[in-house]
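Structural characterization, general
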There are 2 protein chains.
Amino acid sequence: MKKYLLSPGPTPVPEECLAKMAEPIIHHRTPAYVEMNKLAMEKMKKVFYTDGDVLIFVSSGTGAMEGAVVNTIDKNDKAIVVRSGKFGERWGELVETYGGVPLYIDLEWGKKLEPKLIADLLDKNPDTKAVFTTLTETSTGIVYPIKEIGEIVSGTDALLIVDAISGLGGQEFYMDDWKVDITVSGSQKGLMLPPGQAYAAVNEKAWKIIKQKSRACYYFNWAKYLKGQVGAGKDPFTGAVSHTKALLKALEIIEKDTMESRFQRYKVLAKACRAAVNAIGLELFAEVPCDVVTAVKVPEGIDGKLLVKKLRDEYGVTIAGGQAHVAGKIFRIAHMGYIERFDIIIIISALEMVLAELGYEFRMGNGVAAAQKILAEEYI
Amino acid sequence: MKKYLLSPGPTPVPEECLAKMAEPIIHHRTPAYVEMNKLAMEKMKKVFYTDGDVLIFVSSGTGAMEGAVVNTIDKNDKAIVVRSGKFGERWGELVETYGGVPLYIDLEWGKKLEPKLIADLLDKNPDTKAVFTTLTETSTGIVYPIKEIGEIVSGTDALLIVDAISGLGGQEFYMDDWKVDITVSGSQKGLMLPPGQAYAAVNEKAWKIIKQKSRACYYFNWAKYLKGQVGAGKDPFTGAVSHTKALLKALEIIEKDTMESRFQRYKVLAKACRAAVNAIGLELFAEVPCDVVTAVKVPEGIDGKLLVKKLRDEYGVTIAGGQAHVAGKIFRIAHMGYIERFDIIIIISALEMVLAELGYEFRMGNGVAAAQKILAEEYI
């Protein structure tokens, strides 16, 4: 059965990048590798829209998140954590693990974040060291107002640290213009690569703090990366050679395409996806839906887990169900990375077939038609 | 120029494994992935020769080393560290980073380790929590007497923790029989894969200690891996899907070949390599040379760095130079993983050509002939 991957990470990898994954390995201490590494870091800056430094890790995105915490937060340091999804919760778990004092902004999953909440908390806690939040919360499909948050946090001594693991390269994001100090991301989402590599972009304000920290860490000690990797293209520990080769190919694709067209394209894909599920009579989960993943409420009387399972096992289409307390209650369709217009047609078409099979009442084809209309008129 | 990789990591990857790296990505929360993961962990036990649990990480080998320290050593815990090479030093750095009290056994690089030194230190420090050492020290080419060390340490409460990053799958090693409690390894050496995945094998004695630890850690918190990965095939964080696919292919190759034939084969390759360098008039660096990498002293009057550079840039053959204070003074030829008999002929032949060019006096062809003789008679 032909397979289609529309989960919000890992995402499908372009054939040219897969071919790079299959290239012979070169040694990581050769000039050829060092050049590759430097070029990858340089081009990644354009994806983050930053003049800061980009670090490349061998880890999943969580490794980069852990690094962002251990390198900035000492024991008893206050940190504001926006917690309204699985990955916001992960920031909180990390801060707690390392003895920081999290000041939580707890919102119901999928609910809008008012930046004023952060401003108020910062006012009350001027000794806050960092604000941890998320560009697009993969577990709920929401986008947070990072630009507005940046305006608030940049006026204080606190660092603004953003998890852009699922958003980078898909959701509009301008690190420097939006005054973000640290952004972390991973390979297997908008960057169109297999899982295995993670990234952090770090500005001067953040380096000043990081350099003062004495926190015990080794593999994720960012000072080591600044010295070896940023300075000289030399990974402190053996780099993921195949991923870096594939990354360069992905960055070439992104560069030719341009970041701006990609932002526009995912916006249209998201709009088409939303129009389609609405036309089927389904409701969105996120109050402010992002451009890279659409979270949809499972309609009354339908078994959400069975829906996702049938799509995968009987139609070959993999999407994601809900996590934690929304398991079985929502499903999530990705439109990031190497997912394009006919992938949306495929998932909407398959979704309609499965919903019909499960006894949901609607007019088959309405969803596809709604998506087609938008894709025909607005897709670039 | 045709390229040959004979460095002690990363090593060449068999074409069948490279092809796996290029396969489409599957989602890490599907039954298909969970099955792959479980099978990989099960087969890895045979490579470690253990009935313990095998954990799989997305990281370089150092990440698994860090995990072995943070999960077993609390602040002020005493740990014996055998330090006579770059990777022994890394154990020490890790123990120090996390506030442990390292009891160092400092040997000159390349010198033999007397297990009695460990016994004496354990006698004097019965409260020692762990002994950290190395199977094959990649930086010097020595093999340590792990079996004898296991006899000593297993009689105490201390854990024996072995870095088998370069040795696993090449150098004879029987984790359970030799009473090793934790073994860590990486993908890019004897396992014939690209860098990006690391492994740990953990026995019951070690789990008992790990479960009592309260040390702050998140990404390398092995309890999370025990629960999700070992228990249910579910990685706590997105796994390196491509690597796991390639790992299964590598394990299939190893299984068909058998571990025992491979041990024998690398023994013969090492013997041929040593005979060849001796026939050229060169000296070995390690007092007890291992089977997976041969470290050779650069002869008087020859520029060691230039030698390695010429081999790489003019002949296409990548080996490794010396690290730290032996930079320029030794070079290292790997015979691990997917390196076989004619690769040894290639490197010896190229080495002779470069040595002649650099003005070293010897009879061209003697090295190759010495290697040929052993390979013809003993290679399996």
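These numbers were taken from a predicted model, which means no experiment stands behind them.

Opposite the 43 residues of chain B that make contact, chain A presents 43 residues. Of all elements in the fold, only helix H1 (15-21), helix H3 (61-70), helix H4 (86-97) and helix H9 (241-257) of chain B reach the threshold of two or more residues within the side of chain B that touches chain A.

What follows is about the sheet that holds strand S8 (residues 159-163) of chain B. The strands that make up a sheet are held in pairs by hydrogen bonds between backbone atoms, and each pair lies either parallel or antiparallel. Residues and elements named next belong to chain B. Strand order in this open sheet of seven strands is S2-S10-S9-S8-S5-S3-S4, and the pairing throughout is mixed. Two strands in the sheet have a free side with no partner beyond their single neighbour: strand S2 (53-58) and strand S4 (101-106). Going across the sheet, the axis of each strand differs from the next one's by a mean of 20°, ignoring polarity. Sheet topology places S8 next to strand S9 (residues 182-186); three bridges connect them, and they run parallel. Across the sheet, residue Ile-161 finds its bridge partner in S9, namely Ile-182. Helix-sheet contacts for helix H2 (residues 31-48) involve S2, S9 and strand S10 (197-202), and the interaxial angle to S2 is about 110°.

All right, on to the domain arrangement of chain A then. Residue and element names in this part refer to chain A. Under the domain assignment used here, chain A contains domain 1 (4-8 + 259-378) and domain 2 (15-256). Facing the 23 residues of domain 1 at the interface are 25 residues of domain 2. Counting residues per element, the ones that place at least two in the side of domain 1 that touches domain 2 are helix H10 (259-279) and strand S11 (293-297). A breakdown of the residues in the side of domain 1 that touches domain 2 according to their chemical character gives 16 nonpolar, three polar and four charged.

Once that is clear, we can look at the pairing of strand S5 (residues 128-134) of chain A. All names here are of chain A. With seven of seven residues buried, S5 is to be regarded as a mostly interior element. Bridge count for strand S3 (residues 78-83) against S5 is four bridges, and the pairing is parallel. Among the inter-strand pairings, Ala-79 is bridged to a residue of S5, identified as Ala-130.

What follows concerns unusual backbone geometry. Here the bond from Gly-9 of chain A into Pro-10 of chain A is cis, since omega is -5°, no more than 30 degrees from zero. With respect to the element layout, Pro-10 of chain A can be found in the loop between strand S1 (4-5) and helix H1 (15-21). A positive phi angle, close to 70°, is found at Asn-76 of chain A, a residue other than glycine. Tracing the chain through its elements places Asn-76 of chain A in the loop between helix H3 (61-70) and S3. Under the C-beta neighbour-count criterion, Asn-76 of chain A is labelled exposed, with 9 such atoms within 10 Å. In this structure, Met-192 of chain B is a non-glycine residue whose phi angle is positive, near 65°.

This brings us to helix H11 (residues 304-315) of chain B. Residues and elements named next belong to chain B. Its 12 residues place the ends of H11 16 Å apart at the C-alpha level, agreeing with the 16 Å of an ideal helix rising 1.5 Å per residue. All of the buried residues in H11 are Leu-307, Val-308, Leu-311 and Arg-312. Axial view of H11: buried residues confined to an arc of 120°, hence all on one face. Those residues of H11 hidden inside the fold are in contact with strand S12 (317-318), strand S13 (320-321), strand S14 (330-334) and helix H12 (341-357). In the segment just after H11, Gly-316 is the residue with positive phi, at about 75°.

Okay, the sheet that holds strand S14 (residues 330-334) of chain A next. Residue and element names in this part refer to chain A. With respect to topology, three strands assemble into an open sheet ordered S11-S14-S13, the strand pairing being antiparallel. The open sheet terminates on both sides in strands that have one partner only, identified here as S11 and strand S13 (320-321). The pairing of S11 with S14 spans five bridges and is antiparallel. Paired with Thr-294 across the two strands is Ile-333, which belongs to S14. Contacting S11 and S14, H10 crosses the sheet at an angle of about 15° to S11.

About the cut-offs
Residues numbered from 1 in each chain as written. Chains lettered and ligands numbered in written order. Predicted model: local features only at pLDDT ≥ 70, side-chain atom pairs only at ≥ 80, totals over all residues. Contact = placed C-beta atoms within 7 Å. Helix = DSSP H or I, 4+ residues; strand = E, 2+ residues; numbered from the N terminus. Pairing = 2+ DSSP bridges. Axes fitted to C-alpha atoms, helices over the stretch in contact; angles between N-to-C directions. Domains from an automatic or database assignment. Nonpolar A, V, L, I, M, F, W, Y, C, P; charged D, E, K, R; others polar. Buried ≥ 20, exposed ≤ 12 C-beta atoms within 10 Å, placed from the backbone. Expected span 1.5 Å × (residues − 1). Arc of directions from axis to C-beta.

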